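Summary of the model geometry
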Amino acid sequence: MTDPPHVLCVNPWIHDFAAFDFWLKPLGLLTLAGMLRQAGIRVSYMDCLDRFHPKETGFVKTGWDGRGPFRKTPVLLSDMLPPAASPLPGIKKPFSRYGILPDWFRNDLASMDPPDLILVTSLMTYWASGVTETIAVIRSVFPDVPVILGGKYATLCHDHATVFSGADHVVPGPGEPVLEEIVARFTGFPLCLDTPPEDPPFPALDLCSKLTYAPVLTARGCPFSCDYCASSFLEPRRVRRSVDRVFEEICHWHHGYRIQNVAFYDDALLVNGPTHAYPLMEKIIEADLDLFFHTPNALHVREITVEAAELMFRVGFKTIRLGLETAVFSKNRRHDIKVQADDFFKAVAALKKAGFDPGQIGAYLLCGLPDQDLDDVADSMAFVRSAGILPVLAFYSPIPHTLMWETAVARARFDLDRHPVFTNNSLFPCVRSDADRQRISRLKNQGVSDIVY
Ligand code: B12
C-alpha cells in the first residue's frame, strides 16, 4: 500500500459488577492515535464507553469534576465468558455491560469508511470479556480487517488474550516502539515516526465526542515495587516528561477545549518533586490558570512536605488520596516499607496547614489481601479517622506478574487462572469466608468509596 492507511482505534466495553467514569480514559491508545495522526495517517476513534454518544438521550450526568456514570446494560456473566471458564462458581452479583448499546456501535462501524487496520486497547485485566465482545462486533462488520489488541489485559494476560480475545495479534507492553512495525506488517505502509520516546505528541483526546476532564501523565513508571502492584512489570523504567511539555499540554486542553479538571495518571506524581512536580505547579500558579487537579492514584505519604502541600493547595488540587495501605505498622509489612505513622501524621498536618479541608483528604487502605486479618483493616480505618481524614478502602484485585500473584492464586476462593473476571476486586477473590465478606461490606459502608460498586 502506498497511500496512508485509515486506522480505527477502539476503546472497548467494560464488563463488571459496577463501573463509573472515574476519570477513565484510554490514554495509551489515544497517545498512539496522536502519533499516527502526526505521521499523516488518517485516524478514527470509537469509544464504547462514550457517555455523550449522539444516540444517548437524557442520560448524561456529569459532576462538577467531569466524572459521571456510564450507561449500564445487565448481561449474564455466563453468556459473556468462554466455555473454558466453566463451570462458573456461584457468583450472585448482577453483572453488566457498561457503555453504549451494541446496536449503536455496530451502526457506527457500518456507516464509517472501512478502516485498513483496527487497534483495540484494554484497561483492567478483569474487563477481558468486554474486549472479546467488542472484537466480536468489529469482526461482524469488518471480517477482513486486521484487529490488533494492546493495553493492560494484552500485557498482563498475554496468553489468555491470544486465545480468547478474538484479535489477530496481541501486543504486550508499550505500543510506541512497535507501532511502525504493526502498521507495516498489517497494511504494507512504510510508516515513519520521528517522535522521541520521552516526548510523544499530545494524546488525541480531541477525538472524544465531548471532553469533561483531561488525564495527564507527568512521568511513567514507579520507583517502588509493591508486591500487589504490576506497575514495575508494566513500566520497568521511570521516564519523566519535560515540565515545559506537560505545562504546554495542560494549557492546550484548558485554553483550546475549556477543560478545568485535570486528573494525573502518574504512579508517583510527587517523587523527585523539587525537580519535577514542584516547578510544574509553580508554572501553573504563575500563569494563573483556573484549574482543578485530582490525584486518583495515591500520592506517596513521604513526599507530602510542607512545600508540596502548599503548592498543591495553591495550584488547585481538589481531591487528595494518600497511599497508606495499612496502619498496622507493628507487623512485618509485606507490601512495602514506604510509610510509618509519623510520616502519615506529618503529611496530614502539612495538608491541613496548607488549607485543605479534611473532607478533601483520603487515605487508601488495602482490603481483601490473602490472609488479611480484617481487624487490621478496621484498626487502620480508625487510625486514619484519628488523623481527621477519610479512610478509602481499595479492594484487592490479584494481578498476574506481581509478587503476590502466586499467593493469591493459592489462597483464592476461585480458580483465578480460568478467567480474569475471577480476579475482579468486587468479588473479594481472596476472602474465603462468608462472614469476612459480609464484614468487608460493613466496613465499606463506614468508609468512603471513590469507585461506586
Ligand atoms: C492511571 C491509572 C488508573 C486511573 C485510570 C486508568 C485507565 N485509564 O485505565 C484510575 C485512577 C481511574 C485507576 C483506577 C483503578 N486502577 Co489503575 N492504574 C493506572 C496506572 C497508574 C496507569 C495507567 C495508564 O494510563 N498508563 C499510561 C498509558 C499511557 O498506558 P496504557 O493505557 O497502558 O497504554 C500503553 C500500552 O498499554 C500500550 N497500548 C495500549 N493500548 C494499545 C493498543 C494497541 C493496539 C497497542 C499495540 C498497544 C496499546 O501502548 C500504550 C502506550 O505505551 C496503572 C499502573 C501503570 N503503571 O500502568 C494502574 C492500573 C492499571 N490500575 C490498576 C488498578 C487495580 C486500579 C483499581 C482497581 C484500583 C482500586 N483498587 O481501586 C481502580 C479501578 C478502576 C475502575 N474499576 O474503574 C491496576 C490494574 C489491575 C488489573 N487487574 O488490570 C494497575 C496496573 C496498577 C496495579 N495495581 O498494578 N487507575
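Calculation rules
- Residues numbered from 1 in each chain as written.
- Predicted model: local features only at pLDDT ≥ 70, side-chain atom pairs only at ≥ 80, totals over all residues.
- Heavy atoms only, no water.
- Near = heavy atom within 4 Å.
- Polar contact = N/O pair within 3.5 Å; in protein donor to acceptor, adjacent residues only side chain to side chain.
- Helix = DSSP H or I, 4+ residues; strand = E, 2+ residues; numbered from the N terminus.
- Nonpolar A, V, L, I, M, F, W, Y, C, P; charged D, E, K, R; others polar.
- Domains from an automatic or database assignment.
- Buried area = accessible area lost by both parts, 1.4 Å probe.
- Salt bridge = Lys/Arg side-chain N within 4 Å of Asp/Glu carboxyl O.
- Contact = heavy atoms within 4.5 Å.
- 1 Å grid on protein atoms, 1.4 Å probe; cavity = no way out; pocket = protein on both sides within 12 Å on 5 of 7 lines; lining within 4 Å.
- Points joined across faces, edges and corners; volume = space filled by probe spheres on them.
- Phe/Tyr/Trp six-rings, centres within 6.5 Å; stacked < 30°, edge-to-face > 60°.
- Buried < 20%, exposed > 50% of the residue type's maximum accessible area, 1.4 Å probe, protein only.
- Lys NZ or Arg CZ within 6 Å of the ring centre and 35° of its normal.
- Core = buried A, V, L, I, M, F, W, Y, C linked by side-chain atoms within 4.5 Å.
- Patch = residues over 30% accessible without salt bridge, like charges linked within 9 Å, V, L, I, M, F, W, Y side chains within 5 Å.
- Areas by Shrake-Rupley, 256 points an atom, 1.4 Å probe, with all protein chains shown as cover.
- Lys, Arg positive; Asp, Glu negative; His and termini not counted.
- Charge placed at Lys NZ, Arg CZ, Asp CG, Glu CD.
- Arc of directions from axis to C-beta.
- Axes fitted to C-alpha atoms, helices over the stretch in contact; angles between N-to-C directions.
- Parallel < 35°, antiparallel > 145°, perpendicular 65-115°, else oblique.
- Left-handed = near helix turned anticlockwise from the far one by under 90°.

**Focus on the site of the ligand**
- Lining the immediate surroundings of the ligand are 40 residues, of which Thr-121, Lys-152, Glu-176, Ala-230 and Asp-267 lie closest.
- Glu-176 has a polar side-chain atom sitting 2.6 Å from an oxygen atom of the ligand.
- Mapped by element, the contributors of at least two residues to the shell around the ligand are α1 (27-38), β6 (117-120) and α8 (231-234).
- Counted by class, the shell around the ligand contains 23 nonpolar, 11 polar and six charged residues.
- When residues of the shell around the ligand are sorted by domain, at least three fall in each of domain 1 (6-187) and domain 2 (213-446).

**Quick look at the domain arrangement of the protein chain**
- By the assigned domains, the protein chain splits into domain 1 (6-187) and domain 2 (213-446).
- Summarising the inter-unit geometry, the C-alpha centres of domain 1 and domain 2 are found 26 Å apart.
- For the domain 1 face of the interface with domain 2, the top three residues by lost area are Trp-23, Tyr-126 and Leu-156, together amounting to 28%.
- In this structure, the connection of domain 1 to domain 2 is made through one salt bridge.
- For Arg-220, the salt bridge identified is with Glu-176, shortest N-O distance 3.2 Å.
- Across the contact surface, domain 1 and domain 2 share 13 residue pairs in polar contact (both at pLDDT 80 or more).
- Broken down by secondary-structure element, the contributors of at least two residues to the side of domain 1 that touches domain 2 are α4 (128-141) and α5 (152-156).
- Looking at which element gives the most residues to the side of domain 1 that touches domain 2, the answer is α5, with four residues.
- Residues that form the side of domain 1 that touches domain 2 fall into these classes: 22 nonpolar, six polar and seven charged.

**Description of the environment of Leu-119**
- Along the chain, Leu-119 falls in strand β6.
- When the C-alpha atoms of Leu-119 and Val-7 are compared, they prove to be 7.3 Å apart, with 112 residues separating the residues in sequence.
- Ignoring anything within four residues of it in the chain, the contact list for Leu-119 reads Val-7, Leu-8, Cys-9, Val-10, Leu-29, Leu-36, Ile-148, Leu-179 and Ile-182.

**Description of empty space enclosed by the protein**
- All chains considered together, the criterion is met by four cavities of 30 Å³ or more.
- Reported here for the largest cavity is a volume of approximately 130 Å³.
- Taken together, 15 residues form the lining of the largest cavity, with Lys-25, Asp-47, Leu-49, Asp-50 and Arg-51 sitting closest to its centre.
- A breakdown of the residues in the lining of the largest cavity according to their chemical character gives six nonpolar, three polar and six charged.
- Within this model, the second largest cavity holds a volume of roughly 60 Å³.

**Looking at the packing of aromatic side chains**
- Applying the stated rule across the entire model yields 15 aromatic pairs.
- For the ring pair Phe-313 and Phe-356, a centre distance of 5.2 Å and an interplane angle of 85° mean the geometry is edge-to-face. Of the two residues, Phe-313 is situated in helix α11 (residues 306-315) and Phe-356 in the loop between α12 (341-354) and β16 (361-367); the sequence distance between them amounts to 43 residues.
- What makes Phe-313 partly exposed here is its relative accessible area of 35%.
- Three or more aromatic residues link up through ring pairs in this structure, and these residues are Phe-264, Phe-293 and Phe-317.
- It is Arg-67 that lies over the ring of Trp-23; its NZ or CZ is 4.6 Å from the centre.
- Between Arg-97 and the ring centre of Trp-13, over which it is positioned, the NZ or CZ distance is 5.3 Å.

**Digging into the nonpolar core**
- Met-312, Phe-317, Leu-322 and Phe-344 are the most contacted members of the largest nonpolar core, which totals 56 residues.
- Considering every element that reaches this core, the biggest residue donor is α12, with six residues.
- The residues contacting Leu-322, other than those within four sequence positions of it, are Ala-298, Leu-299, Val-301, Ile-304, Phe-344, Val-348, Leu-351, Ile-361, Gly-362, Ala-363, Tyr-364 and Ile-389.
- Grouped together as the second largest cluster of nonpolar side chains are 31 residues, Met-46, Ile-138, Cys-157 and Ile-399 included.

**Some points on a negative patch on the surface**
- On the surface, Glu-282, Glu-286, Glu-307 and Glu-310 cluster together into a negatively charged patch.
- Where the negative patch is concerned, the elements lending two or more residues are α10 (277-287) and α11.
- Secondary-structure assignment places Glu-307 in helix α11.

**Focus on helix α3 (residues 102-110)**
- Listed as buried for α3 are Pro-102, Trp-104, Phe-105 and Leu-109. The buried residues of α3 all sit within an arc of 160° when viewed along its axis, so they share a single face.
- On its buried side, α3 packs onto β1 (6-11), β3 (42-47), β5 (95-98) and α4.

**Describing the environment of Gly-40**
- Along the chain, the position of Gly-40 falls in the loop between α1 and β3.
- Under the relative-accessibility criterion, Gly-40 is labelled partly exposed at 47%.
- When the C-alpha positions of Gly-40 and Pro-5 are compared, they lie 9.3 Å apart, and in sequence the two are 35 residues distant.

**Details of the packing of helix α9 (residues 243-257) against α10**
- Close contact between α9 and α10 brings their axes to 9 Å; oriented N to C, the two are set at 40°. Between α9 and α10, the interaxial angle falls into the category oblique. The element α9 and its partner α10 pack so that their crossing is right-handed. Of the residues in α10, those in contact with Val-243, Asp-244, Val-246, Phe-247 and Ile-250 of α9 are Pro-279, Leu-280, Lys-283, Ile-284 and Ala-287.
- Grouping the amino acids of the contact of α9 with α10 by side-chain chemistry returns eight nonpolar, no polar and two charged.

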